[in-house]
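A closer look at the structure
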Amino acid sequence: MSMEKLALTTNSRARKPASAGGAHNALAADLTRLLGPRKVLSNLSERLNYRYDAIQFGATPLAVVLPESTEDVVAAVRAARAAGVPIVGRGAASGLSGGAAPTEPGLVISFTRMTRLTIHPDRREAQAQAGVITLAVSDAARPHGLIYPPDPASFRTSTIGGNLAENAGGPMCFKYGVTGDYVRALSFVDADGELHHVTRDAFDLAGLLIGSEGTLGLITEATLRLIPPATHTRTLMAHFPEVGACAEAVSAAIAAGAVPSKLEFMDRACTNAVEDYLNLGLPRGAEAVLLVDTDGDDLDTVQDELQLVADACERAGGTVRRAATDAEGAALWRARRSVSPALGRIRPQRMNEDIVVPRSALPDVVREIRALGDASPFRLVQFGHIGDGNLHPNILFDPRKEDTHAVHDLAHEIALVALRHGGVLSGEHGIGSMKRDFMTDAVDPGTLKALWNVKRALDPHLALNPGKILPAEGVDG
(Lines give C-alpha, C1' and ligand atoms only; values in the text may rest on other atoms or scores of the structure.)
Protein backbone atom coordinates (compact mmCIF):
# COMPACT_ATOMS: atom_id res chain seq x y z
CA MET A 1 0.00 0.00 0.00
CA SER A 2 1.42 3.42 -0.91
CA MET A 3 1.67 6.12 1.72
CA GLU A 4 -0.85 8.23 -0.19
CA LYS A 5 -3.40 5.41 0.03
CA LEU A 6 -2.42 4.65 3.60
CA ALA A 7 -3.19 8.19 4.67
CA LEU A 8 -6.65 8.06 3.12
CA THR A 9 -7.74 4.67 4.50
CA THR A 10 -10.34 4.74 7.26
CA ASN A 11 -13.16 2.80 8.84
CA SER A 12 -16.17 4.98 8.07
CA ARG A 13 -19.03 2.49 8.18
CA ALA A 14 -20.71 4.57 10.89
CA ARG A 15 -20.99 7.65 8.66
CA LYS A 16 -22.59 8.29 5.30
CA PRO A 17 -21.76 11.94 4.64
CA ALA A 18 -23.51 14.01 2.03
CA SER A 19 -21.76 15.09 -1.14
CA ALA A 20 -18.65 17.18 -0.45
CA GLY A 21 -20.10 20.35 -1.95
CA GLY A 22 -23.39 20.16 -0.08
CA ALA A 23 -21.76 19.15 3.20
CA HIS A 24 -19.21 21.95 2.88
CA ASN A 25 -21.82 24.64 2.31
CA ALA A 26 -24.12 23.48 5.10
CA LEU A 27 -21.35 22.94 7.66
CA ALA A 28 -19.62 26.25 6.92
CA ALA A 29 -22.92 28.12 7.19
CA ASP A 30 -23.79 26.46 10.50
CA LEU A 31 -20.35 27.11 11.99
CA THR A 32 -20.36 30.72 10.85
CA ARG A 33 -23.75 31.25 12.47
CA LEU A 34 -22.52 29.73 15.75
CA LEU A 35 -19.02 31.22 15.93
CA GLY A 36 -18.92 34.16 13.56
CA PRO A 37 -16.98 34.50 10.29
CA ARG A 38 -13.69 35.38 12.00
CA LYS A 39 -13.36 31.87 13.45
CA VAL A 40 -14.39 29.88 10.38
CA LEU A 41 -12.41 29.26 7.18
CA SER A 42 -14.53 28.06 4.30
CA ASN A 43 -12.81 29.18 1.09
CA LEU A 44 -11.03 26.38 -0.77
CA SER A 45 -7.73 28.29 -0.84
CA GLU A 46 -7.86 28.53 2.96
CA ARG A 47 -8.97 24.96 3.55
CA LEU A 48 -6.16 23.54 1.41
CA ASN A 49 -3.67 24.78 4.01
CA TYR A 50 -5.12 22.43 6.64
CA ARG A 51 -4.77 19.06 4.91
CA TYR A 52 -1.25 18.13 6.03
CA ASP A 53 1.20 17.62 8.85
CA ALA A 54 5.00 17.84 8.62
CA ILE A 55 5.34 14.89 6.25
CA GLN A 56 1.90 13.81 5.03
CA PHE A 57 -0.85 15.30 2.87
CA GLY A 58 -4.44 14.18 3.33
CA ALA A 59 -7.97 15.15 2.37
CA THR A 60 -9.11 18.77 2.06
CA PRO A 61 -11.37 19.66 5.01
CA LEU A 62 -14.93 20.82 4.44
CA ALA A 63 -14.38 23.62 6.94
CA VAL A 64 -11.75 24.82 9.42
CA VAL A 65 -12.52 26.34 12.82
CA LEU A 66 -10.06 28.51 14.73
CA PRO A 67 -11.48 28.41 18.28
CA GLU A 68 -10.46 30.89 20.94
CA SER A 69 -12.03 29.08 23.88
CA THR A 70 -13.16 25.65 25.01
CA GLU A 71 -16.74 26.80 24.45
CA ASP A 72 -15.91 27.37 20.77
CA VAL A 73 -14.57 23.81 20.53
CA VAL A 74 -17.75 22.44 22.10
CA ALA A 75 -19.90 24.33 19.60
CA ALA A 76 -17.78 23.21 16.64
CA VAL A 77 -17.83 19.54 17.64
CA ARG A 78 -21.59 19.58 18.12
CA ALA A 79 -22.05 21.16 14.69
CA ALA A 80 -19.84 18.52 13.08
CA ARG A 81 -21.71 15.75 14.85
CA ALA A 82 -25.03 17.15 13.63
CA ALA A 83 -23.61 17.20 10.09
CA GLY A 84 -22.27 13.66 10.42
CA VAL A 85 -18.71 14.57 9.41
CA PRO A 86 -15.39 13.54 10.98
CA ILE A 87 -13.36 15.85 13.22
CA VAL A 88 -9.59 16.29 13.27
CA GLY A 89 -7.72 18.37 15.86
CA ARG A 90 -4.65 20.26 14.68
CA GLY A 91 -1.88 22.06 16.53
CA ALA A 92 1.18 23.38 14.69
CA ALA A 93 1.10 20.50 12.16
CA SER A 94 4.67 19.60 13.12
CA GLY A 95 3.76 15.93 13.69
CA LEU A 96 5.66 13.19 11.88
CA SER A 97 3.18 10.34 11.49
CA GLY A 98 0.25 11.83 9.57
CA GLY A 99 -1.70 12.46 12.76
CA ALA A 100 -3.05 15.87 11.78
CA ALA A 101 -3.66 15.06 8.09
CA PRO A 102 -7.38 14.33 7.54
CA THR A 103 -8.07 10.94 5.97
CA GLU A 104 -11.44 12.12 4.63
CA PRO A 105 -13.23 15.46 4.22
CA GLY A 106 -14.63 16.81 7.47
CA LEU A 107 -13.97 19.48 10.08
CA VAL A 108 -10.48 20.52 11.16
CA ILE A 109 -10.24 22.31 14.49
CA SER A 110 -6.99 24.28 14.62
CA PHE A 111 -5.99 25.32 18.15
CA THR A 112 -3.46 28.00 17.22
CA ARG A 113 -5.54 30.83 18.74
CA MET A 114 -6.00 29.09 22.09
CA THR A 115 -2.83 30.49 23.64
CA ARG A 116 -3.78 31.51 27.18
CA LEU A 117 -0.98 30.61 29.60
CA THR A 118 -0.89 31.22 33.35
CA ILE A 119 2.00 30.35 35.67
CA HIS A 120 1.24 29.46 39.31
CA PRO A 121 4.69 29.54 40.95
CA ASP A 122 3.31 28.75 44.40
CA ARG A 123 1.97 25.44 43.08
CA ARG A 124 4.77 24.93 40.53
CA GLU A 125 2.15 24.63 37.82
CA ALA A 126 1.30 26.10 34.44
CA GLN A 127 -2.23 26.33 33.09
CA ALA A 128 -1.91 26.13 29.30
CA GLN A 129 -4.46 26.08 26.52
CA ALA A 130 -3.85 23.63 23.69
CA GLY A 131 -2.37 26.18 21.29
CA VAL A 132 0.42 27.39 23.60
CA ILE A 133 3.85 26.92 22.00
CA THR A 134 5.94 24.41 23.99
CA LEU A 135 8.91 26.73 24.52
CA ALA A 136 6.60 29.49 25.79
CA VAL A 137 5.86 27.50 28.94
CA SER A 138 9.49 27.42 30.08
CA ASP A 139 10.01 31.03 28.96
CA ALA A 140 7.09 32.13 31.13
CA ALA A 141 8.14 29.93 34.07
CA ARG A 142 11.83 30.88 34.09
CA PRO A 143 11.41 34.29 35.83
CA HIS A 144 9.85 32.32 38.69
CA GLY A 145 12.84 29.97 38.91
CA LEU A 146 11.02 27.11 37.15
CA ILE A 147 11.10 25.25 33.83
CA TYR A 148 8.97 22.81 31.85
CA PRO A 149 11.35 19.95 30.90
CA PRO A 150 9.63 18.20 27.93
CA ASP A 151 11.48 19.60 24.91
CA PRO A 152 10.70 17.97 21.54
CA ALA A 153 12.98 19.09 18.72
CA SER A 154 10.10 21.19 17.42
CA PHE A 155 9.70 23.01 20.75
CA ARG A 156 9.86 26.43 19.08
CA THR A 157 6.80 25.66 16.94
CA SER A 158 4.96 22.64 18.38
CA THR A 159 2.01 23.18 20.70
CA ILE A 160 1.09 21.76 24.08
CA GLY A 161 -2.03 20.18 22.61
CA GLY A 162 -0.01 18.42 19.93
CA ASN A 163 2.58 17.30 22.48
CA LEU A 164 -0.21 15.83 24.61
CA ALA A 165 -1.80 14.10 21.63
CA GLU A 166 1.48 12.36 20.80
CA ASN A 167 2.98 12.19 24.32
CA ALA A 168 6.05 13.90 22.90
CA GLY A 169 9.50 13.43 24.37
CA GLY A 170 12.71 15.25 23.52
CA PRO A 171 16.41 15.30 24.43
CA MET A 172 15.70 15.72 28.16
CA CYS A 173 13.33 12.77 28.35
CA PHE A 174 15.95 10.25 29.55
CA LYS A 175 16.38 11.95 32.91
CA TYR A 176 13.27 14.09 33.21
CA GLY A 177 10.53 12.18 31.41
CA VAL A 178 8.08 12.89 28.58
CA THR A 179 5.03 15.12 28.28
CA GLY A 180 2.68 12.77 30.11
CA ASP A 181 4.92 12.80 33.19
CA TYR A 182 4.18 16.51 33.66
CA VAL A 183 0.38 16.51 33.32
CA ARG A 184 -1.64 16.95 36.50
CA ALA A 185 -5.03 17.55 34.89
CA LEU A 186 -6.58 18.30 31.55
CA SER A 187 -9.81 19.35 29.90
CA PHE A 188 -11.13 17.67 26.78
CA VAL A 189 -14.19 17.68 24.55
CA ASP A 190 -15.58 14.29 23.63
CA ALA A 191 -17.06 13.14 20.33
CA ASP A 192 -20.55 14.39 21.28
CA GLY A 193 -19.34 17.85 22.26
CA GLU A 194 -19.39 17.28 26.02
CA LEU A 195 -16.68 18.95 28.11
CA HIS A 196 -14.72 16.94 30.71
CA HIS A 197 -12.19 17.98 33.36
CA VAL A 198 -10.05 15.05 34.51
CA THR A 199 -7.11 14.59 36.88
CA ARG A 200 -4.47 11.88 37.26
CA ASP A 201 -6.46 9.90 39.81
CA ALA A 202 -7.57 6.29 40.21
CA PHE A 203 -9.05 5.71 36.74
CA ASP A 204 -6.64 8.14 35.03
CA LEU A 205 -8.76 9.05 32.05
CA ALA A 206 -6.25 11.84 31.44
CA GLY A 207 -3.55 9.22 30.95
CA LEU A 208 -5.72 7.47 28.37
CA LEU A 209 -6.17 10.71 26.40
CA ILE A 210 -2.44 11.52 26.43
CA GLY A 211 -0.87 9.87 23.39
CA SER A 212 -4.22 8.94 21.81
CA GLU A 213 -3.55 11.26 18.84
CA GLY A 214 -6.93 12.97 18.98
CA THR A 215 -8.82 9.71 18.42
CA LEU A 216 -10.57 9.67 21.82
CA GLY A 217 -11.12 13.36 22.56
CA LEU A 218 -9.91 16.88 21.81
CA ILE A 219 -7.66 18.20 24.58
CA THR A 220 -8.29 21.92 25.09
CA GLU A 221 -6.29 22.78 28.21
CA ALA A 222 -3.84 21.19 30.64
CA THR A 223 -2.38 21.76 34.08
CA LEU A 224 1.36 21.10 33.77
CA ARG A 225 3.93 20.41 36.48
CA LEU A 226 6.98 22.70 36.61
CA ILE A 227 10.34 22.08 38.28
CA PRO A 228 13.39 24.19 39.23
CA PRO A 229 16.20 24.04 36.66
CA ALA A 230 19.53 22.46 37.48
CA THR A 231 22.21 24.87 38.66
CA HIS A 232 25.05 23.41 36.58
CA THR A 233 25.25 21.76 33.14
CA ARG A 234 28.23 20.25 31.34
CA THR A 235 28.35 19.05 27.73
CA LEU A 236 30.46 16.66 25.68
CA MET A 237 30.51 15.29 22.17
CA ALA A 238 31.97 11.88 21.37
CA HIS A 239 32.44 10.42 17.90
CA PHE A 240 32.97 6.80 16.94
CA PRO A 241 34.47 4.83 14.03
CA GLU A 242 31.54 2.36 14.06
CA VAL A 243 27.85 2.99 14.64
CA GLY A 244 27.26 0.14 17.09
CA ALA A 245 30.14 1.28 19.30
CA CYS A 246 28.20 4.45 20.09
CA ALA A 247 25.27 2.38 21.35
CA GLU A 248 27.64 0.19 23.39
CA ALA A 249 29.07 3.31 25.03
CA VAL A 250 25.60 4.50 26.01
CA SER A 251 24.72 1.18 27.62
CA ALA A 252 28.04 1.07 29.46
CA ALA A 253 27.71 4.63 30.79
CA ILE A 254 24.21 3.99 32.14
CA ALA A 255 25.30 0.68 33.66
CA ALA A 256 28.11 2.57 35.42
CA GLY A 257 25.53 4.79 37.10
CA ALA A 258 25.43 7.86 34.85
CA VAL A 259 22.03 9.55 34.45
CA PRO A 260 22.67 12.29 31.90
CA SER A 261 20.01 14.88 31.26
CA LYS A 262 20.50 14.43 27.51
CA LEU A 263 21.88 11.54 25.42
CA GLU A 264 21.47 12.10 21.68
CA PHE A 265 22.81 10.12 18.73
CA MET A 266 23.41 10.98 15.06
CA ASP A 267 24.87 8.61 12.47
CA ARG A 268 27.31 9.67 9.77
CA ALA A 269 24.67 10.48 7.16
CA CYS A 270 22.79 12.63 9.66
CA THR A 271 25.94 14.41 10.90
CA ASN A 272 27.01 15.26 7.36
CA ALA A 273 23.56 16.57 6.48
CA VAL A 274 23.71 18.94 9.47
CA GLU A 275 27.28 19.95 8.65
CA ASP A 276 26.29 20.74 5.06
CA TYR A 277 23.51 22.90 6.45
CA LEU A 278 25.27 24.76 9.29
CA ASN A 279 29.03 24.23 8.93
CA LEU A 280 29.55 23.77 12.67
CA GLY A 281 32.78 21.78 12.46
CA LEU A 282 31.24 18.39 13.19
CA PRO A 283 33.41 15.29 12.52
CA ARG A 284 32.38 14.30 8.98
CA GLY A 285 34.33 11.04 9.00
CA ALA A 286 32.76 9.66 12.17
CA GLU A 287 30.25 6.83 11.78
CA ALA A 288 28.33 8.05 14.84
CA VAL A 289 28.23 11.14 17.04
CA LEU A 290 26.96 11.22 20.63
CA LEU A 291 25.92 14.46 22.35
CA VAL A 292 25.64 14.41 26.15
CA ASP A 293 24.63 16.80 28.90
CA THR A 294 24.92 16.10 32.59
CA ASP A 295 23.30 18.48 35.06
CA GLY A 296 22.56 18.99 38.74
CA ASP A 297 22.98 21.33 41.67
CA ASP A 298 26.38 20.02 42.80
CA LEU A 299 29.12 20.84 40.27
CA ASP A 300 31.44 18.04 41.39
CA THR A 301 28.69 15.46 40.89
CA VAL A 302 27.86 16.88 37.46
CA GLN A 303 31.51 16.68 36.38
CA ASP A 304 31.95 13.19 37.83
CA GLU A 305 28.91 12.00 35.90
CA LEU A 306 30.27 13.50 32.70
CA GLN A 307 33.54 11.66 33.35
CA LEU A 308 31.64 8.35 33.62
CA VAL A 309 30.21 8.97 30.17
CA ALA A 310 33.57 10.04 28.76
CA ASP A 311 35.25 6.89 30.12
CA ALA A 312 32.58 4.65 28.61
CA CYS A 313 32.92 6.38 25.24
CA GLU A 314 36.69 6.03 25.20
CA ARG A 315 36.51 2.34 26.16
CA ALA A 316 34.15 1.83 23.19
CA GLY A 317 36.68 3.43 20.84
CA GLY A 318 35.22 6.93 20.83
CA THR A 319 36.99 10.27 20.76
CA VAL A 320 35.69 12.73 23.37
CA ARG A 321 35.50 16.50 23.18
CA ARG A 322 34.20 18.49 26.15
CA ALA A 323 32.52 21.84 25.57
CA ALA A 324 34.73 24.49 27.19
CA THR A 325 31.98 27.09 27.50
CA ASP A 326 28.20 27.28 27.62
CA ALA A 327 28.27 28.85 24.16
CA GLU A 328 30.22 25.91 22.77
CA GLY A 329 27.76 23.51 24.35
CA ALA A 330 24.83 25.45 22.87
CA ALA A 331 26.44 25.22 19.42
CA LEU A 332 26.69 21.44 19.71
CA TRP A 333 23.03 21.18 20.66
CA ARG A 334 22.11 23.45 17.78
CA ALA A 335 23.38 20.65 15.55
CA ARG A 336 20.93 18.14 17.00
CA ARG A 337 17.98 20.51 16.85
CA SER A 338 18.71 21.30 13.21
CA VAL A 339 18.39 17.75 11.95
CA SER A 340 14.90 18.16 10.47
CA PRO A 341 15.63 21.22 8.31
CA ALA A 342 18.98 19.73 7.31
CA LEU A 343 17.32 16.54 6.04
CA GLY A 344 14.64 18.57 4.28
CA ARG A 345 17.33 20.05 2.04
CA ILE A 346 18.27 16.58 0.73
CA ARG A 347 14.87 15.20 -0.29
CA PRO A 348 11.41 16.80 -0.29
CA GLN A 349 9.84 14.08 1.84
CA ARG A 350 10.83 11.59 4.52
CA MET A 351 9.28 8.75 6.42
CA ASN A 352 10.33 9.22 10.00
CA GLU A 353 10.41 6.03 12.04
CA ASP A 354 10.17 6.31 15.82
CA ILE A 355 11.05 2.90 17.20
CA VAL A 356 11.99 2.18 20.80
CA VAL A 357 14.09 -0.81 21.82
CA PRO A 358 15.71 -2.01 25.06
CA ARG A 359 19.07 -0.32 25.56
CA SER A 360 20.78 -3.72 25.64
CA ALA A 361 19.57 -4.26 22.06
CA LEU A 362 20.73 -0.89 20.74
CA PRO A 363 24.07 -2.01 19.23
CA ASP A 364 22.44 -4.79 17.22
CA VAL A 365 19.49 -2.62 16.19
CA VAL A 366 21.51 0.34 14.87
CA ARG A 367 23.75 -2.09 12.96
CA GLU A 368 20.80 -3.92 11.43
CA ILE A 369 19.17 -0.67 10.39
CA ARG A 370 22.45 0.51 8.88
CA ALA A 371 22.56 -2.72 6.87
CA LEU A 372 18.99 -2.15 5.63
CA GLY A 373 19.97 1.32 4.51
CA ASP A 374 23.11 0.09 2.75
CA ALA A 375 21.03 -2.45 0.81
CA SER A 376 18.34 0.08 -0.10
CA PRO A 377 18.22 2.56 -2.98
CA PHE A 378 17.01 5.22 -0.54
CA ARG A 379 19.03 7.55 1.66
CA LEU A 380 18.51 6.35 5.23
CA VAL A 381 19.76 8.27 8.28
CA GLN A 382 19.58 7.48 11.97
CA PHE A 383 19.38 9.76 15.00
CA GLY A 384 17.38 9.91 18.21
CA HIS A 385 17.11 9.88 21.98
CA ILE A 386 19.43 6.93 22.38
CA GLY A 387 19.41 7.02 26.19
CA ASP A 388 15.76 5.98 26.06
CA GLY A 389 16.37 3.51 23.24
CA ASN A 390 14.24 5.81 21.05
CA LEU A 391 15.64 5.86 17.50
CA HIS A 392 14.49 7.88 14.50
CA PRO A 393 15.55 6.12 11.29
CA ASN A 394 14.50 8.45 8.47
CA ILE A 395 13.94 7.33 4.88
CA LEU A 396 14.52 10.29 2.56
CA PHE A 397 12.79 10.20 -0.81
CA ASP A 398 11.22 12.16 -3.63
CA PRO A 399 7.65 10.93 -4.26
CA ARG A 400 7.76 12.41 -7.77
CA LYS A 401 10.62 10.14 -8.77
CA GLU A 402 10.79 7.23 -6.32
CA ASP A 403 8.45 4.36 -5.49
CA THR A 404 6.46 5.09 -2.33
CA HIS A 405 5.51 1.40 -2.08
CA ALA A 406 9.21 0.63 -1.63
CA VAL A 407 9.51 3.37 1.03
CA HIS A 408 6.63 1.81 2.93
CA ASP A 409 8.22 -1.64 2.64
CA LEU A 410 11.54 -0.38 4.02
CA ALA A 411 9.75 1.32 6.92
CA HIS A 412 8.00 -1.97 7.62
CA GLU A 413 11.36 -3.78 7.72
CA ILE A 414 12.68 -1.22 10.21
CA ALA A 415 9.59 -1.69 12.37
CA LEU A 416 10.10 -5.46 12.33
CA VAL A 417 13.71 -5.01 13.50
CA ALA A 418 12.43 -3.17 16.56
CA LEU A 419 9.72 -5.74 17.28
CA ARG A 420 12.16 -8.67 16.97
CA HIS A 421 14.33 -7.06 19.64
CA GLY A 422 11.46 -6.54 22.07
CA GLY A 423 10.74 -2.96 21.05
CA VAL A 424 7.68 -0.93 20.05
CA LEU A 425 6.63 1.11 17.01
CA SER A 426 6.59 4.59 18.52
CA GLY A 427 8.12 6.47 21.40
CA GLU A 428 6.80 9.97 20.76
CA HIS A 429 5.74 10.61 17.16
CA GLY A 430 2.65 8.44 17.30
CA ILE A 431 1.28 5.79 14.96
CA GLY A 432 -0.94 8.09 12.92
CA SER A 433 -1.66 6.85 9.42
CA MET A 434 1.97 6.20 8.51
CA LYS A 435 2.47 3.22 10.85
CA ARG A 436 -1.14 2.10 11.16
CA ASP A 437 -0.51 -0.94 8.95
CA PHE A 438 2.26 -2.13 11.26
CA MET A 439 -0.02 -2.44 14.28
CA THR A 440 -1.02 -5.98 13.31
CA ASP A 441 2.64 -6.98 13.73
CA ALA A 442 2.99 -5.21 17.06
CA VAL A 443 -0.30 -5.99 18.82
CA ASP A 444 -2.11 -9.31 19.14
CA PRO A 445 -5.69 -9.63 17.80
CA GLY A 446 -7.25 -9.76 21.27
CA THR A 447 -5.56 -6.53 22.28
CA LEU A 448 -6.54 -4.84 19.01
CA LYS A 449 -10.14 -5.79 19.73
CA ALA A 450 -9.86 -4.32 23.23
CA LEU A 451 -8.41 -1.10 21.80
CA TRP A 452 -11.31 -0.88 19.35
CA ASN A 453 -13.69 -1.34 22.29
CA VAL A 454 -12.07 1.62 24.05
CA LYS A 455 -12.31 3.68 20.86
CA ARG A 456 -16.01 2.90 20.46
CA ALA A 457 -16.75 3.61 24.10
CA LEU A 458 -15.39 7.16 23.84
CA ASP A 459 -16.11 7.76 20.15
CA PRO A 460 -19.13 5.62 19.21
CA HIS A 461 -19.56 7.28 15.81
CA LEU A 462 -15.85 6.87 14.91
CA ALA A 463 -15.80 10.56 14.15
CA LEU A 464 -12.56 11.60 15.89
CA ASN A 465 -9.48 11.50 13.66
CA PRO A 466 -10.55 8.39 11.71
CA GLY A 467 -7.99 6.24 9.95
CA LYS A 468 -5.33 6.74 12.65
CA ILE A 469 -3.56 4.26 14.96
CA LEU A 470 -5.89 1.24 14.72
CA PRO A 471 -6.06 -0.91 11.59
CA ALA A 472 -9.53 -1.49 10.18
CA GLU A 473 -11.69 -3.70 12.38
CA GLY A 474 -11.44 -7.34 11.44
CA VAL A 475 -7.83 -6.97 10.28
CA ASP A 476 -5.79 -9.22 12.56
CA GLY A 477 -2.64 -9.70 10.50
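Definitions and cut-offs
Residues numbered from 1 in each chain as written. Predicted model: local features only at pLDDT ≥ 70, side-chain atom pairs only at ≥ 80, totals over all residues. Heavy atoms only, no water. UniProt positions renumbered as here; feature names shortened; annotations may be inferred. Pairing = 2+ DSSP bridges. Helix = DSSP H or I, 4+ residues; strand = E, 2+ residues; numbered from the N terminus. Buried < 20%, exposed > 50% of the residue type's maximum accessible area, 1.4 Å probe, protein only. Disulfide = S-S within 2.5 Å. pLDDT = per-residue confidence, 0-100. Contact = heavy atoms within 4.5 Å. Axes fitted to C-alpha atoms, helices over the stretch in contact; angles between N-to-C directions. Parallel < 35°, antiparallel > 145°, perpendicular 65-115°, else oblique. Left-handed = near helix turned anticlockwise from the far one by under 90°. Nonpolar A, V, L, I, M, F, W, Y, C, P; charged D, E, K, R; others polar. Core = buried A, V, L, I, M, F, W, Y, C linked by side-chain atoms within 4.5 Å. Salt bridge = Lys/Arg side-chain N within 4 Å of Asp/Glu carboxyl O.

The chain carries the name FAD-binding protein in an unreviewed UniProt entry, which gives Deinococcus aquaticus as its organism. According to the UniProt record, the Cofactor (unreviewed entry) comment for the chain reads "FAD".

1. Remarks on the sheet that holds strand β17 (residues 390-391)
The sheet built from 6 strands is open, its strands ordered β13-β10-β12-β11-β16-β17 with antiparallel pairing. On the outer flanks of this sheet lie β13 (319-322) and β17, each paired with one strand and no other. Where strand β10 (residues 232-240) meets β13, 4 bridges bridge the pair, whose relative direction is antiparallel. Residue pairing for β13: A238 is matched across the bridge by V320.

2. Re the pairing of strand β11 (residues 262-267)
Walk down a regular strand and you will see the side chains alternate between the two sheet faces. Of all the 6 residues making up β11, 6 are buried; the element is thus mostly covered by neighbouring parts of the structure. Here 6 bridges tie β11 to strand β12 (residues 288-296), and the two strands are oriented antiparallel to one another. Following the sheet pairing, F265 is matched in β12 by L290. Judged from the 2 bridges that link them, β11 and strand β16 (residues 383-385) form a sheet pairing that is antiparallel. What sits directly across from F265, in β16, is G384.

3. Examining the state of the cysteines
This model, assessed by the stated rule, comprises 0 disulfides. Between C270, a free cysteine, and C246, which holds the nearest cysteine sulfur, the sulfur-to-sulfur gap is 12 Å.

4. Re the UniProt feature "domain: FAD-binding PCMH-type" (unreviewed entry) in the chain
Per the UniProt annotation, the sites labelled "domain: FAD-binding PCMH-type" (unreviewed entry) are residues 57-229. With 22% helix and 23% strand, residues 57-229 has end C-alpha atoms that lie 39 Å from one another.

5. A word on the confidence of the model for the chain
On average, residues of the chain carry a pLDDT of 93, and 94% of them reach 70 or more. Below a pLDDT of 50 lies the segment residues 1-14, which in the model reaches 45 contacts outside its immediate sequence neighbourhood of four places, other chains included.

6. Here we look at the packing of helix α9 (residues 243-255) against helix α11 (residues 299-315)
When two helices pack together, their arrangement is given by the angle between the helix axes and the distance between those axes. For the pair α9 and α11, interaxial distance at closest approach is 8 Å and the crossing angle is 140°. Comparing their axes, α11 and α9 come out oblique. The hand of the α9/α11 crossing is right-handed. On α11, the residues touching A249, A252 and A253 of α9 are V309, A312 and C313. Within the contact of α9 with α11, the residues separate by chemical class into 6 nonpolar, no polar and no charged.

7. A closer look at the nonpolar core
Within the largest apolar cluster, 59 residues are counted, with the highest numbers of intra-cluster contacts made by F240, L290, I386 and I395. Per-element accounting of this core gives the leading share, 8 residues, to α9. With residues near it in sequence (within four places) discarded, F240 still touches A245, C246, A249, A286, E287, A288, L290, C313, A316, G317 and G318.

8. What about the pattern of salt bridges?
Across all of its chains, the model carries 25 salt bridges by this definition. Across the pair E125 and R123 runs a salt bridge, and its minimum N-O distance is 3.1 Å. Assessed through its relative accessible area of 43%, R123 is described here as partly exposed. A single salt-bridge network, built from bridges that share partners, covers D267, R268, E287 and R370.

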